[in-house]
Structure formats: C-alpha cells, structure tokens
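# Observations on chain architecture
One-letter residues, chain by chain:
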Amino acid sequence: MNLSQLKPKAALPEPEKTHLKQATQGHRFDAELVAVTKSYGPGAPAVDDISLRIPRGSYCCLLGPSGCGKSTTLRMLAGHEDVTEGAILIHDEEVTHKLPVDRGTSMMFQDYALFPHLSSLDNVAFSLKVRGVATTERRKQARAYLELVQMDHLADRLPNQLSGGQQQRVALARSLITRPKVLLLDEPLSALDPFLRIKMRSELKRIQKELGISFIHVTHSQDEALALSDMIVVMNDAKIMQAAPVREVFETPTNAFVARFLGGQNVLTSDTHQVSVRTDRCRLGRSPGMRSLEGQIAMIEYQGNLVRITLQTTLGDEMTVLQSDTEYFAQNPQIGDTAVMSWHPSDEHVLDPMQAG
Ligand SMILES: Nc1ncnc2c1ncn2[C@@H]1O[C@H](COP(=O)(O)OP(=O)(O)OP(=O)(O)O)[C@@H](O)[C@H]1O
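Bear in mind the structure is a predicted one, so any value in this text is a computation, not a measurement.

### What to know about the overall build of the protein
- Looking only at helices and strands, one finds 10 helices and 18 strands in the protein.
- Expressed along its principal axes, the backbone C-alpha trace of the protein runs to roughly 75 × 50 × 35 Å.
- Here the protein, with 357 residues, has 39% of them falling under the buried criterion.
- Across the protein, contacts joining residues at least 24 apart in sequence account for 64% of those joining residues at least 6 apart.

### Concerning the site of the ligand
- In the region of the ligand, the neighbouring residues are Y40, A46, G64, S66, G67, C68, G69, K70, S71, T72 and H220.
- Taken together, the residues of the shell around the ligand sort by class into 3 nonpolar, 7 polar and 1 charged.

### Some thoughts on the pairing of strand β9 (residues 231-236)
- Within β9, 6 of the 6 residues are buried, which leaves the element mostly enclosed by the surrounding structure.
- The alternating pattern of β9 places M231, V233 and M235 on one face and I232, V234 and N236 on the opposite face, and all of these are buried.
- As paired elements, strand β3 (residues 59-63) and β9 share 4 bridges and run parallel to each other. Looking at β9, one finds that C60 is bridged to M231.
- The pairing of β9 with strand β10 (residues 239-245) spans 6 bridges and is classified as antiparallel. When the bridges of β10 are listed, M231 appears paired with P245.
- Connecting β9 to the next strand, β10, in antiparallel fashion are 2 residues, including D237 with a positive phi near 55°.

### Quick word on the packing of helix α3 (residues 120-130) against helix α5 (residues 164-176)
- Put simply, α3 and α5 touch, their axes get as near as 7 Å, and they point 25° apart. The angle between α3 and α5 falls in the class roughly parallel. α3 and α5 meet at a crossing whose hand is right-handed. In this structure, α3 contributes S120, N123, V124 and F126 to the contact, and α5 contributes V170, A173 and R174.
- For the contact of α3 with α5, a count of residues per class yields 4 nonpolar, 2 polar and 1 charged.

### With respect to the environment of E224
- By secondary structure assignment, the location of E224 is in helix α7 (residues 222-228).
- The exposure class assigned to E224 is buried, which follows from the 21 C-beta atoms found within 10 Å.
- For the pair formed by E224 and C61, sequence separation is 163 residues and the distance between their alpha carbons is 8.6 Å.
- Residues within four places of E224 in sequence aside, it is in contact with L189, R201 and T219.

### What to know about the nonpolar core
- Of all hydrophobic cores here, the largest spans 87 residues; its most connected members are V124, Y145, A173, I216, V233 and V234.
- Looking at which domains feed residues into this core, each of domain 1 (55-78 + 98-250) and domain 2 (266-351) supplies at least three.
- The contacts of I216, once residues within four sequence positions are left out, are A31, I54, C60, L62, L74, L77, V182 and L184.

Calculation criteria
Residues numbered from 1 in each chain as written. Predicted model: local features only at pLDDT ≥ 70, side-chain atom pairs only at ≥ 80, totals over all residues. Helix = DSSP H or I, 4+ residues; strand = E, 2+ residues; numbered from the N terminus. Buried ≥ 20, exposed ≤ 12 C-beta atoms within 10 Å, placed from the backbone. Contact = placed C-beta atoms within 7 Å. Near = placed C-beta within 6 Å. Nonpolar A, V, L, I, M, F, W, Y, C, P; charged D, E, K, R; others polar. Pairing = 2+ DSSP bridges. Axes fitted to C-alpha atoms, helices over the stretch in contact; angles between N-to-C directions. Parallel < 35°, antiparallel > 145°, perpendicular 65-115°, else oblique. Left-handed = near helix turned anticlockwise from the far one by under 90°. Core = buried A, V, L, I, M, F, W, Y, C linked by C-beta atoms within 7 Å. Domains from an automatic or database assignment.

Right under this line is the structure:
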C-alpha cells in the first residue's frame, strides 16, 4: 500500500456527517449491558452476569485472553447470539430481543466477508440495494464512504484485486454505510501484517472520532487496546475484571489479573496485600527511602530506546525493570548477575485481594 493513501483526505460529506452526529444526541450511553449472562449449555456460562455502560462516542476495546467471552459479548450486542439473562440497550433503548438489522448496530468481521463478484463500490452499496435505495443514490453514498476510508480510487476493483488492508477498508465502509449507532469490530486487525496493523488502527480511531459514534472492538492485543481505547474492558473467565478509561486501567488496575494482563506492571506482595508497581518506575540498585528486592537477572530484552530486564527473586517471583538504553548501558548488567530492583513506596498501587488473579 502506498503511504500517501493513508493520509487523511476529504472528510465525509456534511449531510452524512450531520446524520451520524445527530444519531448520537439525546441519550446517555451508546451501548449498555445490564446483568447479561450467556450459557451455551450446562456448565459454566460463557458470559457471567456482566454489566457495562459505554459512554457516547467512545472507542471501547474488549480485551482478554482466549475464551474469556469477548466475542460472545460482541455477538450478543449485534443480536447474532441470544442472551440467556439480562438486557441490552443501544442509545438507551432496549434491543435485547430485536433482530440484528433493527438494533442500530453493524458488525465488521475478521475475514471481511466481501462478495467476490462485486466491485468495491457495489460491495459498499449492497446493503442499500437490499433496502431498496435507487442506484444513483446508493452509488453516491457508497462513494462517500469509500472516500472516508480512502478507497475511492479503487472503487471499480474486485476484492481479489485488492490487498488485505484495502479489502478491510472496503469492509469498513460497507459496515458504516448503514449508519450504525454503534460499530462492532471482531479482531479487525488480526489478519494484517504488523506495519499495516499499526497504520489501520490509527485510521480506525480517526474514522471513529470523525463520525462520533461508538466503536466496540474485540482484541487479544494489549498494545492495540492501549493505542485505540478511550475505554478498556478487561475480561477474564466470563467476567469483567475492570472497565474504565484507558489510563485508569493502566495506572490503577483493580486486581492482579488486570495488572499482569495489561503488562507494564510488577505484582508484588507487600506485608499482607498485593500491590502493583509500574516497571518503568522500578530501577536497578538500592537507594535510600526505596523498597527493594534482590534476585538474579534472568532475561534482558533490548527494545531500542528501552531495555527490559527481568529478575528472578530468591522467592521465585519474576520482576521487571524497564530502563532507558542510556541507563542500562551505563551499568551494563548481564544475565546471571545478582541485582537489586528498587522502587519508591509511593509508586505502589494496592490491588483488590478479592479478585486477585
Ligand atoms: N457456539 C458456541 N457453543 C458452545 N460454546 C461456545 C460457543 N461459542 C463460544 N463458546 C464458548 O464460550 C466461551 C467464550 O467464548 P468466546 O468466543 O466468547 O471467547 P473469546 O474471548 O472471544 O475468545 P477468542 O479470543 O479465542 O476468540 C468459550 O469457553 C467458548 O468455548
């Protein structure tokens, strides 16, 4: 893909934009789950009594390990899966038992699912055709959405004449042309190579902010969730562990699971309770007034501007120090060296022992 294609170009035409902006007015939350449970059969539920409110115009990532219930939650929001108990609201209106097309949601799938025999333009226009919109009008709208995703120059190409990233843009335009109140995205970046994944995630965020609707995006990737989210929902074992603005989740994880899963934190036992300390607030060596732990250096990962040093403590715990490359090379410790990791007590954040992971 040519990088110049990724630069923001003309925005969505005013009438389209106004329509979408209006759709976000007059309600408190774009989406809400109220005590939602999903059981596929006997045994532990796939989603267990979760409640969640997604504020208007949010980029929200559902993050968690495989099998924790993220996709099931997304599918229930879309109406592709019935809820066993509880309620779903979109723009404050209950949609629990409504058909997917009547909810105001639109889903973008991992595999894009484009029609192979239709051009980009006709793929995007397809849902308007189904709704009986006249050819000229639907093509005009499809062109506007292709422009939004910077694919108008390839409007006549068939899907097999497009790269993966380009197909994804077409799929995104196709999901947006129905003017959803909430766009649901299931691992939308997982099929892309790492370079394109980073480009596309900033594109997704730009488009979400431009339209002002909420995007709810399922991902396994901590980096992706941190980069994209206004709000992160961390799930584990069918439950929500924490749902909060991105910085709050990173800086004040509720429990050890969230701290470990999001990364960038050490989980330590201090007296009787568990605390988290950011790895970039830890350093090698002792200093007055700092707490410390001794161990052996088990791993050193050079990351360019930063170096990640992992210590195995005498108790068998792993602790990580994230140092600048300058600091690291000034000391130049090696694997197998005995070292001390220290941190300031004020950098400790107390974790909830009830849900410790
Ligand atoms: N159609 C189904 N029938 C029975 N069990 C299912 C079905 N779909 C999902 N499950 C189970 O529900 C649980 C949650 O699955 P879900 O797909 O929601 O997880 P996930 O967090 O999206 O995982 P992944 O990241 O691997 O896609 C899992 O234990 C899974 O095996």
